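# Close look at the chain arrangement
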Protein chains: 2
Amino acid sequence: MGTTDPASPTRSSGTSRGAALGSDLDTVLDGVLAARRAERTVMSTSADRAARVVREQVVEGHLRSGTRLPEERLAGALGVSRNTLREALSQLVAERILVREPHRGVVVATPEVEDVEDVYRVRRLVETAALARGSHHTPERVAAVAAAVTEGRGAAARGDWDGVASANQHFHRAVVSLAGSPRLDAQMDLLLAEMRLFFHQMGAPERFHRPYLDENGAIADLLAAGERDRSADRLDTYLATAQDQLVAAFRQRA
Amino acid sequence: MGTTDPASPTRSSGTSRGAALGSDLDTVLDGVLAARRAERTVMSTSADRAARVVREQVVEGHLRSGTRLPEERLAGALGVSRNTLREALSQLVAERILVREPHRGVVVATPEVEDVEDVYRVRRLVETAALARGSHHTPERVAAVAAAVTEGRGAAARGDWDGVASANQHFHRAVVSLAGSPRLDAQMDLLLAEMRLFFHQMGAPERFHRPYLDENGAIADLLAAGERDRSADRLDTYLATAQDQLVAAFRQRA
DNA sequence: ACGATAAGGATTGTTCAACAATTCTTCAAT
DNA sequence: ATTGAAGAATTGTTGAACAATCCTTATCGT
């Protein structure tokens, strides 16, 4: 970006090697360094990779709530050492995907009714605020919300209930991203991962999401029309009923 | 130390009814087990303790932004092994207090202007929502907000600027807790820890908080009077100006 | 049979020592 | 002064170990 960058490093020596362009060589080099660092952070350490695999297996439902994760066997399966695995597990415990019971090991979290209620408490606050008061609505972000709706409709049309569920997640993530905050986005990703635990816990009929498709559409329309408060209100009541439904299904199964 | 349970008083708190049935007993025992598990999670593992120590040193300002944390020496200082320390560091990296640069080590995070802006983005959304739309306002929680104000006034009266800063944190944490959500509270604690990094980064004149004491008071009064929307509005503009001030101080020092 | 209990096995929490890979430093050579 | 290569330092990761704790099971007394 075009910032003035007044305190440029003192390295800018008068000797201009080759046909260096007018722009500061230092800034270019800084960019290269940043890029390399970014690349390295992408292909991250082996603990991170292990964490990603386990997380995926959990949210995908292949590791069900309450199953224990014995360190030795799991480490062997993942091809890492037990110490490295423990680093990965710590991370997932911090994300609330796993729970550590001291001296008893790590198990896949089994959400309680209070967890459902709390997650929805946060979602109602954050998502409605992002709709009504988000200060970073841009055409692209609004379009992303609408895109998630059409994605869901397409999936429903071809009976792909898994696709409907996933589109629903995209919708709500797009709503939160209206706030334009990386931190909020990250937090929302955590909440959505927990939501998937809820669904698996309740013997997920993935058709759960079907009724809300039209609601999503209505909200997206209101948003596009600039009716921010009304879209927020609508989302609020919608989330409330969804919560009731989930809680009911939860109680029934407990 | 035999297997004698240290205490099992939960059993008979007024249950004079001799007809204690098996199912009742089961629930009681479940409660006892849950309590023990909770206790154990409190006196946590040594990696957690190490994490707590490092976190404290960072937010307290004894470890300044950008300082590296060599694993071997730090492990020695904390009296834990390098592997255990790495578990602790992973946790703190997840909390954004530290940053890991692959193959280069872990350093105390050095916030940029964008971080300040993002943190305030989240705070403005969440805190105002908690004030205006929080569905769990209770007399105790409202009282906690007022208590933070008087705490701050007391600290200011005796010139304890550190105390003013800390009371200010209590105020904002109390505001968020109006939402009644453990998850939101935890997230807010993370944000407040980051805030302290900001202050240390800018050569913290802790008198930064002094002007906002009266604002806090006004907001608490509006809240107590049931004027939720107005209190939220006031907090919003207040946070906006505070953000501007912080960003300005940041730019000056960079 | 029944419940308490002690022995044995399994898993976690933690440490230690090592090694490859990578980064940082030094220092000589051009 | 820049380049490049040897050497030191640090990280990423492993494997083996050991105490502490939990779980299971066989034993015993009644």
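Per chain, residues are indexed from 1 in the order of the written sequence. All chains are assigned letters beginning with A, and all ligands numbers beginning with 1, in the order in which they are written. It should be noted that, the model being predicted, local features are given only for residues of pLDDT at least 70 and side-chain atom pairs only at 80 or more, the latter also being counted only at that level, while totals for whole chains, interfaces and linings use all residues. Only hydrogens and water are set aside; all other atoms, that is, all heavy atoms of the structure, feed into the side-chain values.

Chain A carries the name GntR family transcriptional regulator in an unreviewed UniProt entry, which gives Nocardioides flavus as its organism.

### Description of the relation of the copies chain B and chain A
Only residues with pLDDT of at least 70 in both copies count here: their C-alpha atoms drive the least-squares fit that superposes the copies. With an axial shift of 0.0 Å and an RMSD of 0.1 Å, the rotation relating chain B to chain A amounts to 180°. Each copy turns onto its partner about a two-fold axis. By C-alpha distance to the rotation axis, the residue of chain B lying nearest is E87 of chain B, at 2.6 Å. Throughout, a residue-residue contact means that at least one pair of heavy atoms, one from each residue, lies within 4.5 Å. When the interface residues of chain B are mapped onto chain A, 100% of them again lie at the interface, so the same face is used by both copies.

### Thoughts on the interface of chain B and chain A
If you look at the interface, chain B gives 33 residues, while chain A gives 35 residues. Summed over the three residues of chain B that lose the most area to chain A, namely E87, L125 and R183 of chain B, the buried surface amounts to 24% of that side. Note on definitions: salt bridges are taken to be side-chain nitrogens of Lys or Arg within 4 Å of carboxyl oxygens of Asp or Glu. At the junction of chain B and chain A, the tally comes to 10 salt bridges. Among the ionic pairs, E194 of chain B bridges to R183 of chain A, the shortest N-O distance being 2.7 Å. The term buried area refers to how much accessible surface (probe radius 1.4 Å) is lost by two components on association, counted for both of them together.

### Observations regarding the packing of aromatic side chains
All names here are of chain B. Any pair of Phe, Tyr and Trp rings, taking the six-membered ring for Trp, is counted once the centres come within 6.5 Å. Such a pair is stacked with planes under 30 degrees apart, edge-to-face with planes over 60 apart, and tilted for the rest. As enumerated under the stated definition, the model contains 8 aromatic pairs over all chains in all. Note on F208 and Y212: the rings are 5.8 Å apart at their centroids and 55° apart in plane angle, and the pair reads as tilted. Remark: exposure states derive from per-residue accessible area (1.4 Å probe, protein chains only) relative to the maximum for the residue type, with buried under 20%, exposed over 50%, and partly exposed in between. Residue class for F208 comes out buried when judged on its relative accessible area of 9%.

### Notes on the nonpolar core
In a soluble, globular protein the nonpolar side chains are often hidden away together inside. For our purposes a nonpolar core is just a set of buried Ala, Val, Leu, Ile, Met, Phe, Trp, Tyr and Cys residues, chained together by side-chain atoms within 4.5 Å. In terms of nonpolar packing, the biggest core is built from 80 residues, with L246 of chain A together with L246 of chain B touching the most fellow members. Aside from chain neighbours lying at most four places away, what touches L246 of chain A is V116, Y120, M195, F198, F199, M202 and F208 of chain A.

### Digging into the pattern of salt bridges
Residues and elements named next belong to chain A. Counted according to the given criterion, the structure contains 34 salt bridges over all chains. Across the pair R121 and D118 runs a salt bridge whose closest N-O atoms are separated by 3.0 Å. In this pair, R121 and D118 both sit in helix 5 (residues 113–133), 3 residues apart, roughly one turn of the helix. An identical accessibility class is assigned to R121 and D118; each is buried. Only runs of H or I of at least four residues qualify as helices and only runs of E of at least two qualify as strands under DSSP, and these elements are numbered from the N terminus.

### Topic: empty space enclosed by the protein
Whether a set of points on the 1 Å grid over the protein atoms alone is a cavity depends on a 1.4 Å probe fitting there but being unable to get out, while an open set qualifies as a pocket with protein on both sides within 12 Å along at least five of seven lines; lining residues are those with an atom within 4 Å of a point. Grid points are joined across faces, edges and corners, and a volume is the space filled by probe spheres set on the points. Applying the stated rule across the entire model yields 4 cavities of 30 Å³ or more. Estimated volume of the largest cavity: approximately 170 Å³. Forming the walls of the largest cavity are 15 residues, and the residues nearest its centre are L184 and Q187 of chain A together with V126, L184 and Q187 of chain B. Secondary structure elements with two or more residues in the lining of the largest cavity: helix 5 and helix 8 (182–201) of chain A together with helix 5 (113–133) and helix 8 (182–201) of chain B. Residues are grouped as follows: nonpolar covers Ala, Val, Leu, Ile, Met, Phe, Trp, Tyr, Cys and Pro; charged covers Asp, Glu, Lys and Arg; every other residue, Gly included, is treated as polar. Taken together, the residues of the lining of the largest cavity break down into 10 nonpolar, 2 polar and 3 charged. In this model, the second largest cavity occupies a volume close to 130 Å³. Lining the second largest cavity are 15 residues, and of these R123, N168, H172, M195 and H209 of chain B lie nearest its centre. Counting only elements with at least two residues in the lining of the second largest cavity, the list comes to helix 5, helix 7 (161–177), helix 8 and helix 10 (228–253) of chain B. At 4 residues, the largest contribution of residues to the lining of the second largest cavity is made by helix 7 of chain B. Across the lining of the second largest cavity, the residue classes tally to 10 nonpolar, 4 polar and 1 charged.

### Remarks on helix 7 (residues 161–177) of chain A
Residues and elements named next belong to chain A. Helix length check: helix 7, at 17 residues, gives a terminal C-alpha distance of 24 Å against a target of 24 Å (1.5 Å per residue), a fit within 8%. Taken together, the buried positions of helix 7 are occupied by G163, V164, A165, A167, N168, F171, H172, A174, V175, V176 and S177. Where helix 7 is buried, its residues touch helix 5, helix 6 (139–157), helix 8, helix 9 (212–224) and helix 10 (228–253). In this analysis, the expected span of each helix is defined as 1.5 Å times one less than the number of residues it contains.

### Focus on the side chain of T128 of chain A
Here T128 of chain A is to be found in helix 5. Assessed through its relative accessible area of 2%, T128 of chain A is described here as buried. Polar contact is the term for a pair of N or O atoms within 3.5 Å; when the atoms are in protein, one must be able to donate a hydrogen and the other to accept it, and sequence-neighboring residues count only if both atoms are side-chain atoms. In this structure the side chain of T128 of chain A is engaged in a polar contact, spanning 3.2 Å, whose partner is the backbone oxygen of L125 of chain A. Setting aside residues no more than four positions away along its own chain, T128 of chain A makes contact with R123, R133, A232, L235 and D236 of chain A together with R133 of chain B.

### Comments concerning the side chain of H209 of chain A
Residue and element names in this part refer to chain A. Relative to the assigned elements, H209 resides in the loop between helix 8 and helix 9. Polar side-chain contacts of H209 include one of 3.2 Å to the side chain of N168. Excluding anything up to four places from it in sequence, H209 contacts V164, A165, N168 and F199.

### Structural notes on the packing of helix 5 of chain B against helix 8 of chain B
When two helices pack together, their arrangement is given by the angle between the helix axes and the distance between those axes. All names here are of chain B. Where helix 5 contacts helix 8, the axes come no closer than 11 Å and their chain directions differ by 145°. In this structure, helix 5 meets helix 8 at a crossing whose hand is left-handed. The segment helix 5 lies against helix 8, with D115, V116, V119, Y120, V122, R123, V126 and E127 engaging L184, M188, L191, E194, M195 and F198. Lines fitted to the C-alpha atoms define the axes, with helices restricted to the stretch that makes contact. Angles between their N-to-C directions range from 0 to 180 degrees. Put simply, a crossing is left-handed when the front helix is turned counterclockwise from the back one by less than a right angle, and right-handed when it is turned clockwise.

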